[in-house]
Amino acid sequence: MLEHTIIRVAVPSPLRRQFDYLFPHTFGSAVPGQRVQVAFGQQQLIGIITELPKSSDLPIDKLKPVLALIDSQPLFDASLLQLCLWAANYYQHPVGEVLHAALPALLRAGEQANLPTETRWQITVQGLGLPEGAPKGAKKQANLLTFLRNGARTPSEIEQAGFSRAILKALSDKQLAEAIEITETQTFNGPLSELALTLNPEQSTALKAIKPTGFSTNLLDGVTGSGKTEVYLQAIAQQLEAGRQALVLVPEIGLTPQTVARFQRRFHVPVGILHSGVADGGRNSAWLRARAGLDRIIIGTRSAVFTPLKHPGIIIVDEEHDNSYKQQEGFRYSARDLAVYRAHQLRIPLLMGSATPSLETLSNARSGRYQHLKLTQQAASAHSTKVIAIDIRGQYLQEGLASQSLEAIKGAIAKGEQALVFINRRGFAPVIMCHFCGWQAKCPRCDARMTLHRQPYHLHCHHCDHQRRVPQQCPDCKAPELQHIGQGTERTEEFLSKLLPSTPILRIDRDSTRSHKQLNSMLDQIATGEPCVLVGTQMLAKGHHFPKVSTVVILEADGGLFSADFRATEKMAQLIVQVAGRAGREALQGQVFLQSHHTDHPYLQLLLNQGYAALADCLLRERQVVELPPFSAMVLLRAESKRPENALAFLQQARAKAESLQAPSPQFRYLGPLPASMEKRQDRFRFLLQLQASSRAHLQQFLPQWLALIEQMALSKRVRWNLDVDPQETH
Ligand SMILES: Nc1ncnc2c1ncn2[C@@H]1O[C@H](COP(=O)(O)OP(=O)(O)OP(=O)(O)O)[C@@H](O)[C@H]1O
Ligand SMILES: [Zn+2]
C-alpha cells in the first residue's frame, strides 16, 4: 500500500511552474483546492493543491512531504480553481500568484477558513424541561427563561429586553441557559425603505431580454441617467427570489457607502462588500460568507471577480469601460474579461452596463456575440442636457476659466443649484518656472516636471511620488520670483473660494480624499442639496448621482486628441460624456460647458453633434483599417533598467527569439523596441516591444513558448520586465 499521494502545488513565487510534493495519508485525503504548507527553498509557503498527478517528473524519493494540511475541505471550489488556472494561462502569470491574488489577505497567510461567529444564549435541555414560571421565587430569572424559549438571543438583545448580566449568569450557573457560537446572521425588520420603480418601456424591454438562467452576455448601453441601476436592481431581484446570489462589480471609486446604501434600501438580504477600503477581517468574512451562500449580494471592485459563490445567479459589471477593471501591475488581468469567462463557466447571465461602452465591448455587441440593450432616454429628467463648446483660443481666461463658464457657475449658485468644475490634474500648478532664465522644477528621477502643491506646500512628482521643498528663489540664476503656470484642482478651488466667498467649494481629488471618510463626508454634503461648487478630477466623473448639479464646466479634457496611445481618443470621449452626464439628472435643466482650444477638431465635433455612439463607430472603423484591437490581439513586453542599454538589449533579444518562433507577417506584427513615452521613471529607463496578431488563439499558443525562451536569456535576470496581455496603456 502506498503511504503517500503525489500532489501538484501552486506556490506564490514568480516561477512560472508548479511543484510536486508528497501528501502523507495520515493527513487524510488530498483534494484540489485545499491549502497546504510546504517547504520551498529556505522558506515555508502556503500553497494550493491544483491536481493529483499519477506520476511526477522527479523520482519519488526526491519529493518532499507537505508540512501541514490547512483545509479539511477545499477552499477553492472546482470552478474557482478552474477560473484561476485559465487566467494564469491567458495572462501568462504564475499560477501560484494568481491563486493568491484570488484570496483575501488572511486566507493567503494561512488563517483557518472559518466563518465568523457570534455568541448567542439559548435555553438548555434541562431548562426546557422546567414548567413555565420556574425557577420558583426568582421572577426575573423565570422571565428570562421564557424570553429564551422563543429562540437563542445575542447578549445585546438580552440586555435590551431589560435583563442584567447577573440574571443571565444565575441561569447559566443553574445550567438552565448556555452560550453557543453560531454563524453571524442578519435579521431584517420592518418594511423596505425603497420599493422597485415602475420601469419605463425601454427599461422593461431590456429587463425582459435578459434571460435569468443560462449563459448570456448582455450589454446595457444606456445614456447617463437612463436608469441602468434600476435594471440591475430588478435583474438582481429575480435572482434573489430564485434563491440565487448576485455578484456586482463596480469601478474602484464607484464603491461608496451611497452605492451600497442603494442596494440595502431595496433588499432585505445580507450584502457583502469587497474592496481595498474594507479591513482584512471584513474582506475575509465577506469572501467566506459568499462562499457559504450567506451573503446574497456581493458588491466589490476588480478582485471581487474571484469571489466564490455557492448559488451563482448573475454577474453585473457596472461602467464596464472603466480602466480600474484592468490591473496595471503584477497579475495584469481584466476583471471585466474574466467576468465573461466566469459567467460562461457558471452558465449564468452577465450584464455589463455603460453609457460609454469600450470599443471592445461595442464591437462584440455589434457582431452579435453580446446582446445589445439600449436605453436612450434619461429616466428621471424631462430635459435633455445641452453641451456648449467654448472655443478658448485667444480668450482671456481667469485662472483657466472662460467668462461664459464663470457666469454659468455664478448663475447656478444664485439659483440655489450646484455646479461642478472638472479638471483632470491635482495640485496647484503643473509647472513652476523662472521668468528670468527659464529654469523649471523637474523630477530628478523621472522625465517629468514636478507639480506645485499648496496643501501642504511642496513639490510633488506624480509619477514616482518624489517630494521636495519649494525653492525660495531660482536655483540657477537666483532670481527671487518663480512663476506658477497652468491649472490644478487646488488653484481652481482657491480662485473660486475668493470669487464666491459664501459658497462652499468642495475639492474632490486623490489628495483631498486620502481616507474614505473624507470622501464620504463630502458626498454627504453634496447630498444635502445646498448650493456648492465641486472641483475635482475624474473621481467625480463616474456613476455619481448628484440631483442638484445643474451646471458642469470641463477644463482641458481634450489632451486625448493628441496622445501617442491609440486608445486616448476613446478614453477622452468617455470622460467627457461621463462628466457631462452629472448635469441635470433630475428636475433641473442641465448645461455643460466644454472649454477647448480645438473645438473644431473632427472627433470633438462628431462627439458633440452626434454623440458617443457615432464617434465610437468612426473610431472602430479606423481601428479595423489598421487592425488595432479589437480587430487584433495585442501584447506588450515591457522592460526597465537603471542601465538603458540593458533594457533595450533585452527587448532586442526577446524580439529575435520571437521571430525565431514566428516570422513577422501581416498576421503577426512586431513594433519596437521603442522607448516608453516617459522614458525615465523612478531612475529607470523604460522600453517596450509590441506584438499584434490577427488570431488570438495563435498568439495564445505562441506566448508560453516565447516566455520559455525569454526566461533562458541571461538579461532576463538583470532587467525588470513584464508581459501585458490586452494592455490598456500602450505608451
Ligand atoms: N423607471 C424609473 N422611473 C422613475 N425614475 C427612475 C426610473 N429608473 C431610474 N430612475 C431614476 O433616474 C435616476 C438616474 O438613474 P441611475 O442612476 O440608475 O442612472 P444610470 O443609468 O445608472 O446613470 P449613470 O450611467 O450616469 O451612472 C435616479 O434618480 C433613478 O432613481
Ligand atoms: Zn518622479
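Residues numbered from 1 in each chain as written. Chains lettered and ligands numbered in written order. Predicted model: local features only at pLDDT ≥ 70, side-chain atom pairs only at ≥ 80, totals over all residues.

**A few points about the pairing of strand 3 (residues 35–40)**
Put simply, side chains in a regular strand alternate between the two faces of the sheet. Test applied: Paired strands, as defined in this entry, are two strands with at least two bridges between them according to DSSP. Helix numbering and strand numbering both begin at the N terminus, where a helix is a DSSP run of H or I of at least 4 residues and a strand a DSSP run of E of at least 2.
Pairing geometry for strand 3 and strand 4 (residues 43–51), over six bridges, is antiparallel. Looking across to strand 4, one finds that Gln37 is bridged to Ile46. Hairpin remark: strand 3 followed by strand 4, antiparallel, with two residues in the connecting loop; positive phi at Gly41, about 60°. The pairing of strand 3 with strand 5 (residues 68–69) spans two bridges and is classified as antiparallel. When the sheet's bridge partners are listed, Val36 is paired in strand 5 with Leu69.

**Thoughts on the packing of helix 17 (residues 568–580) against helix 19 (residues 612–626)**
The cut-off we apply is this: Note on geometry: axes are lines fitted to C-alpha atoms, helical ones only across the stretch in contact, with angles between N-to-C directions running from 0 to 180 degrees. By the definition adopted for this analysis, an angle is roughly parallel if under 35 degrees, roughly antiparallel if over 145, roughly perpendicular if from 65 to 115, and oblique otherwise. With C-beta atoms placed from the backbone, a contact is any residue pair whose C-beta atoms sit within 7 Å.
At a minimum axis distance of 11 Å, the contact between helix 17 and helix 19 shows a crossing angle of 175°. Compared by their axis directions, helix 17 and helix 19 come out roughly antiparallel. For the pair helix 17 and helix 19, the contacting residues are Thr569, Glu570, Ala573 and Val577 in the first and Tyr612, Leu615 and Leu619 in the second.

**A few points about the domain arrangement of the chain**
Accessible area lost when the parts come together is the quantity often used to give the size of an interface. Threshold: Per the annotation, domain bounds derive from an automatic or database assignment of domains. Nonpolar residues are Ala, Val, Leu, Ile, Met, Phe, Trp, Tyr, Cys and Pro. Charged residues are Asp, Glu, Lys and Arg, and all others, Gly as well, are polar.
Under the domain assignment used here, the chain contains domain 1 (4–108), domain 2 (117–183), domain 3 (201–375), domain 4 (386–425 + 501–622), domain 5 (430–485) and domain 6 (633–725). The interface is formed by four residues belonging to domain 1 together with five residues belonging to domain 6. Among the residues forming the side of domain 1 that touches domain 6, the class breakdown is two nonpolar, one polar and one charged.

**A look at the sheet that holds strand 20 (residues 467–468)**
In spatial order, the strands read 18-19-20; together these three strands make up an open sheet with antiparallel pairing. Two strands in the sheet have a free side with no partner beyond their single neighbour: strand 18 (451–454) and strand 20. Both strand 19 (residues 457–460) and strand 20 contribute to a ladder of two bridges, which runs antiparallel. Across the sheet, His460 pairs through a bridge with Gln467, a residue of strand 20.

**What to know about the site of ligand 1**
Basically, it comes down to this: Residues are counted as near a molecule or strand when the C-beta atom, derived from backbone positions, lies within 6 Å of that molecule or strand.
Within the structure, ligand 1 sits among 20 residues, and Thr224, Gly227, Thr229, Ala379 and Ala380 are positioned closest to it. Per-element tally for the shell around ligand 1: the top contributor is helix 9 (residues 228–241), with three residues. The residue inventory of the shell around ligand 1, partitioned by class, reads five nonpolar, twelve polar and three charged. Counting contributing residues, the shell around ligand 1 receives three or more from each of domain 3 (201–375) and domain 4 (386–425 + 501–622).

**Some thoughts on the nonpolar core**
A general trend in soluble globular proteins is that nonpolar side chains are found buried together. Using the following cut-off: Linking buried Ala, Val, Leu, Ile, Met, Phe, Trp, Tyr and Cys residues through C-beta atoms within 7 Å yields a set, and such a set is a nonpolar core. Our exposure labels follow a C-beta count within 10 Å of each residue's own C-beta, placed from the backbone: buried means 20 or more other C-beta atoms, exposed means 12 or fewer, and partly exposed covers the counts in between.
Within the largest apolar cluster, 153 residues are counted, with the highest numbers of intra-cluster contacts made by Phe422 and Ile554. For Ile554, the residues in contact, after removing those within four places along its chain, are Phe422, Ile576, Val579, Val592, Phe593, Leu594 and Gln595. Counting 13 residues, the second largest nonpolar core, distinct from the first, contains Trp121, Leu144, Leu148 and Leu168.

**Observations regarding the sheet that holds strand 4**
Consider a sheet: its strands pair through backbone hydrogen bonds, and that pairing is either parallel or antiparallel. Reading across the sheet, the five strands line up as 2-1-4-3-5 and stay open at both edges, with antiparallel pairing between neighbours. Each having just a single partner strand, strand 2 (19–24) and strand 5 make up the two edges of the open sheet.

**Brief notes about helix 1 (residues 78–90)**
Because each turn of an α-helix spans 3.6 residues, side chains separated by three or four positions end up pointing in the same direction. Applicable threshold: Expected span of a helix, by definition, is 1.5 Å for each gap between consecutive residues, and there is one gap fewer than residues. By definition, the arc is the one covered by directions from the helix axis to the C-beta atoms.
The end-to-end C-alpha distance of helix 1 is 18 Å, a good match for the 18 Å that 13 residues give at a rise of 1.5 Å each. Restricting attention to buried positions, one finds in helix 1 the residues Leu80, Leu81, Leu83, Cys84, Ala87 and Ala88. Angular distribution of buried residues about the axis of helix 1 spans 155°; they occupy a single face of the element. Looking at the buried residues of helix 1, the elements they touch are strand 4, helix 2 (95–101) and helix 12 (335–346). Once helix 1 ends, the next one or two residues include Gln92, with phi positive near 55°.

**Remarks on the pairing of strand 10 (residues 271–274)**
Condition: Note on handedness: a clockwise path from strand one over the helix to strand two, with the strands aimed away from the viewer, defines a right-handed crossover.
In terms of strand pairing, strand 10 meets strand 11 (residues 297–300) through four bridges, oriented parallel. Within the sheet, the bridge partner assigned to Ile273 lies in strand 11 and is Ile299. This β-α-β element, strand 10 to helix 11 (residues 280–291) to strand 11, shows right-handed connectivity.

**Some remarks on helix 12**
End to end, helix 12 covers 16 Å across twelve residues, agreeing with the expected 16 Å (1.5 Å per residue, within 8%). Among the residues making up helix 12, those that are buried are Ala335, Arg336, Asp337, Leu338, Ala339, Val340, Arg342 and Ala343. Lining the buried residues of helix 12 we find helix 1, strand 8 (216–222), strand 9 (245–249), strand 12 (312–318) and strand 13 (349–354).

**Structural notes on unusual backbone geometry**
Cis geometry marks the peptide bond from Gln455 to Pro456, where omega comes out at -5°. Among the secondary structure elements, Pro456 is positioned in the loop between strand 18 and strand 19. The step from Gly672 to Pro673 runs through a cis peptide bond, and the omega angle for that step is 5°. Counting through the fold element by element, Pro673 comes out in strand 27 (residues 668–681). Within the chain, Glu627 stands out as a residue other than glycine whose phi angle is a positive 55°. Topologically, Glu627 is positioned in the loop between helix 19 and strand 26 (633–641). Look at Glu627 and you get partly exposed, because 14 C-beta atoms sit within 10 Å.

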